Amino acid sequence: MRIVAGSARGRRLVTLEGTTTRPTGDRVREAMFSILGNIDGSIVVDAFAGSGALGCEALSRGAASCYFFDNSRSAIEIIRENVKAIDGEQQANIRKCTFEFGLANHINGDVDLWFLDPPYESNLAEKALIAMTDSPHVTEGALVVFETDAKAEPPIVAGFELEDNRRYGTTRLAFYRRLASDPVVENNAE
C-alpha cells in the first residue's frame, strides 16, 4: 500500500497483519480523493483508523491536521509508523480510544472532513453519525465519508444528507453533508 498523491506520493504504508483490519486500497483512496477535490488546509478525522491510510493520504494532500482514532493498541503503533513515514508527526493527533470518546474529548475546533471506516457488517458508522449530530465539532457543511461493504446500504441519519453513493468492487463509499441545525424557535406569546 502506498500514498497515492501529494507531498508523500509513493511512500509505502504498513498494515496490520491478519484480517482484523481492512485498509482502504489505493484505487478506492484515489477515487475518494478525486471526488473530494482540494482539501488544502482542512482539519480531518480518521475514525476507526486501522492503518491510518486515509488520514495519511489527507495529510499528504495538504490537510492542515488529522486526528486518528482507533481502539486497538496494534493499530495505534502502525498509525504512528505510517505518520512518521510521511513526515506528518507535527500534523497528527493519534489517540487510542473509541470514536465516541475521541469525539467528546480529543477534538479542538471544527472539523472539515470525517472518514468513518469501521469494520464491515457493524453498526458503528451509524452510531458514529448519530453521536456526531450532537457534537459542536461537526458544523454545518462538514463532509463525512463512510466506507462499507458494497452490498450494504448507507444508513440514513437525521442531520446528514447523503450527497453521493458509489460502489468500487466490493467497497461502497457514501458521502454525507452535515445539514444546518434547526434554529431554536422561542415562543414569545404573551
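Keep in mind that this is a model prediction, so the values were computed, not measured.

What counts and how
Residues numbered from 1 in each chain as written. Predicted model: local features only at pLDDT ≥ 70, side-chain atom pairs only at ≥ 80, totals over all residues. Heavy atoms only, no water. Core = buried A, V, L, I, M, F, W, Y, C linked by side-chain atoms within 4.5 Å. Buried < 20%, exposed > 50% of the residue type's maximum accessible area, 1.4 Å probe, protein only. Helix = DSSP H or I, 4+ residues; strand = E, 2+ residues; numbered from the N terminus. Contact = heavy atoms within 4.5 Å. 1 Å grid on protein atoms, 1.4 Å probe; cavity = no way out; pocket = protein on both sides within 12 Å on 5 of 7 lines; lining within 4 Å. Points joined across faces, edges and corners; volume = space filled by probe spheres on them. Pairing = 2+ DSSP bridges. Axes fitted to C-alpha atoms, helices over the stretch in contact; angles between N-to-C directions. Disulfide = S-S within 2.5 Å. Phe/Tyr/Trp six-rings, centres within 6.5 Å; stacked < 30°, edge-to-face > 60°. Lys NZ or Arg CZ within 6 Å of the ring centre and 35° of its normal.

Trainee: I keep staring at the nonpolar core and nothing clicks. Help me out?
Mentor: Counting 30 residues, the largest nonpolar core has M32, F33, L36, F68, L113, F115 and V145 as the members making the most contacts within it. Of all the secondary structure elements, the ones that give two or more residues to this core are α1 (26–36), α2 (53–60), β2 (65–70), α3 (73–85), β3 (92–96), β4 (113–116), β5 (143–149) and β7 (171–178). It is α2 that contributes the most residues to this core, five residues altogether. Among residues more than four places away in sequence, those in contact with M32 are L54, F115, V145, E147, L173 and F175. Core analysis: the next-biggest nonpolar cluster, separate from the first, contains 24 residues, L129, M132, A142 and V144 among them.

Trainee: Explain the layout of surface pockets here, please?
Mentor: Regions of empty space are outlined by a rolling probe, equal in size to a water molecule, passed over the atoms. Of the volumes computed, that of the second largest pocket is approximately 160 Å³. In terms of lining, the second largest pocket is formed by I35, L36, N38, I39, S42, D112, L113, L143, E163, F175 and R177. Elements that contribute at least two residues to the lining of the second largest pocket include exactly α1 and β7.

Trainee: Teacher, can you tell me more about the environment of I107 here?
Mentor: Among the structural elements, I107 can be located in the loop between α4 (99–105) and β4. The class for I107 is buried, based on a relative accessible area of 5%. Counting along the chain gives 93 residues from I107 to V14, while the straight-line C-alpha distance between them is 26 Å. Ignoring any residue separated from it by four or fewer positions in sequence, one finds I107 in contact with V45, Y67, F69, G102, W114 and H137.

Trainee: Just to check I follow, could you spell out α1 for this structure?
Mentor: Each α-helix turn comprises 3.6 residues. Residues three or four places apart therefore point the same way. Listed in full, the buried residues belonging to α1 are V28, R29, A31, M32, F33 and L36. Among the structural elements, α2, β4, β5, β6 (160–168) and β7 are those in contact with the buried residues of α1. Taken from the residues just after α1, G37 is the one with a positive phi, measuring 75°.

Trainee: Any chance you could explain the sheet that holds β4 here in plain terms?
Mentor: Backbone-to-backbone hydrogen bonds pair the strands of a sheet. The strands run either parallel or antiparallel. With mixed pairing, seven strands are arranged side by side in an open sheet as β3-β2-β1-β4-β5-β7-β6. Each edge of the open sheet carries a strand with a single partner, namely β3 and β6. Each neighbouring strand pair of the sheet contributes to a mean axis angle of 15°, computed without reference to strand direction. As paired strands, β5 and β7 are joined by seven bridges and run antiparallel to one another. From the neighbouring strand, V144 faces β7, where its bridge partner is Y176. Contacts from α1 reach β4, β5, β6 and β7 within the one sheet, and its direction differs from that of β7 by about 25°. In the packing of helix α5 (residues 124–132) onto the sheet, the strands contacted are β4, β5, β6 and β7, and the crossing angle to β4 comes to about 150°.

Trainee: Whenever I open this one, the state of the cysteines confuses me. Can you help?
Mentor: By definition, a disulfide links the sulfur atoms of two cysteines through a covalent bond. Across all of its chains, the model carries zero disulfides by this definition. Considering cysteine sulfurs only, C56 is the nearest to C66, which forms no disulfide, with 7.5 Å between them. In this structure C97 is not part of a disulfide, and its nearest cysteine sulfur, from C66, lies 12 Å away.

Trainee: Sorry, what's going on with the packing of aromatic side chains here?
Mentor: The description of two aromatic rings rests on the distance between their centres and on the angle between their planes. For the structure on display, the rule yields four aromatic pairs. Ring geometry for F33 and F115: centres 5.7 Å apart, planes at 55°, overall tilted. One end of the pair, F33, is in helix α1; the other, F115, is in strand β4, and 82 residues separate them in sequence. Judged by its relative accessible area of 2%, F33 falls in the buried class. Look at F115 and you get buried, because its relative accessible area is 1%. Plain terms: the ring middles of Y67 and F69 are 6.2 Å apart, the flat faces sit at 40° to each other, and that makes the pair tilted. What makes Y67 buried here is its relative accessible area of 8%. Its relative accessible area of 1% is what places F69 among the buried residues. Between the NZ or CZ atom of R178 and the centre of the ring of F160, over which it lies, the distance is 5.2 Å.

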